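# Summary of the model geometry
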Amino acid sequence: MIIREILLICFVSLTLMSCSKENGLIKLRDNKGEIKKLMILGSDPSKILSMVSNKSNIEKIHISSSNGPSIRISEFTNLQELLLYNERIDLNLVNDIQKLDISVLLVSEPKEKSEIDLLLKSMNGTSIKEFSCIRCDLDTLSHAFENNRKLRKLNLSDNNLKSFIVSDLSGLDSLELILSGNMLDTIEIKDQIKIQVLDLSYNRISSIPSNINQISQLEFLFINGNPIKDGYQYLLDLDDLFYVSVDDSIDNKIIESLKDSIKIVRKATEKIARIAC
């Protein structure tokens, strides 16, 4: 899927950017001929990045399935987006991430689970707006983002989370929270929280909690792929909610009770594989 994503990005970018590939490095240039984005596939990224001239021009770095040591990015002072697929993460890289004003950070399938633990401990107080940790074998997440006031999107899909206290993210506004493909059996809400998009699809949730109305600003809710048996009536307590995705096997009586207030969309129960982005 990663290769397909790279090819797709190159194809889409051709109208505005030129795309060249050499020794596992894909360079994307803007219409002025300046290199803004680097994509490294299956090579030693540390060696390649060290040879890049005009490092301050680079805004996006995507690295996948390399076999070298962890990278250093401190000289890429205008870096906005860092995507790491099956890469090493060490303390030096974590320190670089903390120092730079990175907006988008995605990590998927790291070499070691302990590396993710190291990264999560450093998330408090960063300027990251979108953080994705996908297929990282996460089973817990303790207060890693409570001081990230700029965070607007948190994607923790396809991990092993068995519990998640939504209220641990209190203080954040208009958050998009993606928890699909985990092992959650309930939604824990202890305090008021502002979430605009909540994706709980493909978990083990059996009931919608009566206090779900403590989630304010919620407009989009994805709960398909869960064995939910009751609690649908509490969705009517969510003033801003207008879109809910449910399994196509849901009882028609439930649909009838909600359809006047909320747009209900039925989805097939089988999960469709998707490229992380």
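For the structure, see preceding data.
Since the model is a prediction, treat every value here as computed from it, not as a measurement.

Analysis parameters
- Residues numbered from 1 in each chain as written.
- Predicted model: local features only at pLDDT ≥ 70, side-chain atom pairs only at ≥ 80, totals over all residues.
- Heavy atoms only, no water.
- Helix = DSSP H or I, 4+ residues; strand = E, 2+ residues; numbered from the N terminus.
- Buried < 20%, exposed > 50% of the residue type's maximum accessible area, 1.4 Å probe, protein only.
- Contact = heavy atoms within 4.5 Å.
- Areas by Shrake-Rupley, 256 points an atom, 1.4 Å probe, with all protein chains shown as cover.
- Disulfide = S-S within 2.5 Å.
- Pairing = 2+ DSSP bridges.
- Right-handed = clockwise from strand over helix to strand, strands pointing away.
- Phe/Tyr/Trp six-rings, centres within 6.5 Å; stacked < 30°, edge-to-face > 60°.
- Core = buried A, V, L, I, M, F, W, Y, C linked by side-chain atoms within 4.5 Å.
- Arc of directions from axis to C-beta.
- Polar contact = N/O pair within 3.5 Å; in protein donor to acceptor, adjacent residues only side chain to side chain.

## Points about the overall build of the chain
A count of helices and strands for the chain gives 5 helices and 14 strands. The proportion of buried residues among the 277 residues of the chain is 48%. Sequence-distant contacts in the chain: of pairs separated by 6 or more residues, those separated by 24 or more amount to 29%. Total accessible area on the chain is roughly 13500 Å²; 47% of this is exposed by carbon and sulfur atoms.

## Let's talk about the state of the cysteines
Taken as a whole and assessed by the stated rule, the structure comprises 0 disulfides. As a non-bridged cysteine, Cys136 has Cys133 as the owner of its nearest cysteine sulfur, 3.0 Å distant. Overall, Cys136 belongs to the buried group, its relative accessible area being 2%.

## Considerations on the environment of Lys37
By the element assignment, Lys37 lies in strand E3 (residues 35-41). Along the sequence, Lys37 and Glu81 sit 44 residues apart, while their C-alpha atoms lie 9.2 Å from each other.

## Describing the pairing of E3
Across the 7 residues of E3, 5 count as buried, placing the element largely inside the fold. Note: E3 against strand E4 (residues 60-64), 5 bridges, orientation parallel. Looking at E4, one finds that Ile40 is bridged to Ile63. As for the winding sense of the linkage, the β-α-β connection from E3 through helix H2 (residues 45-50) to E4 is right-handed.

## So, the packing of aromatic side chains
Taken as a whole and assessed by the stated rule, the structure comprises 3 aromatic pairs. Taking 5.6 Å as the distance between ring centres and 45 degrees as the angle between the ring planes, the aromatic pair formed by Phe220 and Tyr243 counts as tilted. Here Phe220 is found in strand E12 (residues 220-222), whereas its partner Tyr243 is found in strand E13 (residues 243-247), with 23 residues between them in sequence. Relative to Tyr243, the ring of Phe222 has its centre 5.6 Å away and its plane inclined at 50 degrees; by these criteria the two rings are tilted. Of this pair, Phe222 sits in strand E12 while Tyr243 is found in strand E13, placing the two residues 21 residues apart along the sequence. Judged by its relative accessible area of 17%, Phe222 falls in the buried class. Overall, Tyr243 belongs to the buried group, its relative accessible area being 15%.

## A closer look at the nonpolar core
Ranked by size, the top nonpolar core spans 72 residues in total, and within it Phe131 and Leu235 carry the most contacts. With sequence-adjacent residues up to four places away left out, Phe131 is seen in contact with Leu105, Leu119, Leu120, Met123, Phe145, Leu151, Lys153, Leu154 and Asn155.

## Concerning the environment of Gln80
When you line up the elements, Gln80 lands in the loop between E4 and strand E5 (81-85). Taking the C-alpha atoms as reference points, Gln80 and Asp101, 21 residues apart in sequence, are found 6.8 Å from one another. Setting aside residues up to four positions removed in sequence, Gln80 forms contacts with Glu59, Asp101, Ile102, Ser103 and Val104.

## Structural notes on the side chain of Glu115
Topologically, Glu115 is positioned in helix H4 (residues 113-121). Classification of Glu115 as buried rests on a relative accessible area of 10%.

## Concerning helix H3 (residues 91-99)
In an α-helix, one turn spans 3.6 residues, which is why side chains three or four residues apart end up on the same side. For H3, the full list of buried residues reads Leu93, Val94, Asp96 and Ile97. Projected down its long axis, H3 shows its buried positions confined to an angular sector of 160 degrees, all on one face. Its buried side turned inward, H3 meets E5, strand E6 (104-108) and H4. For H3, the side-chain oxygen to backbone nitrogen distance between the N-cap and Asn92 is 3.2 Å, and the N-cap itself is Asp90.

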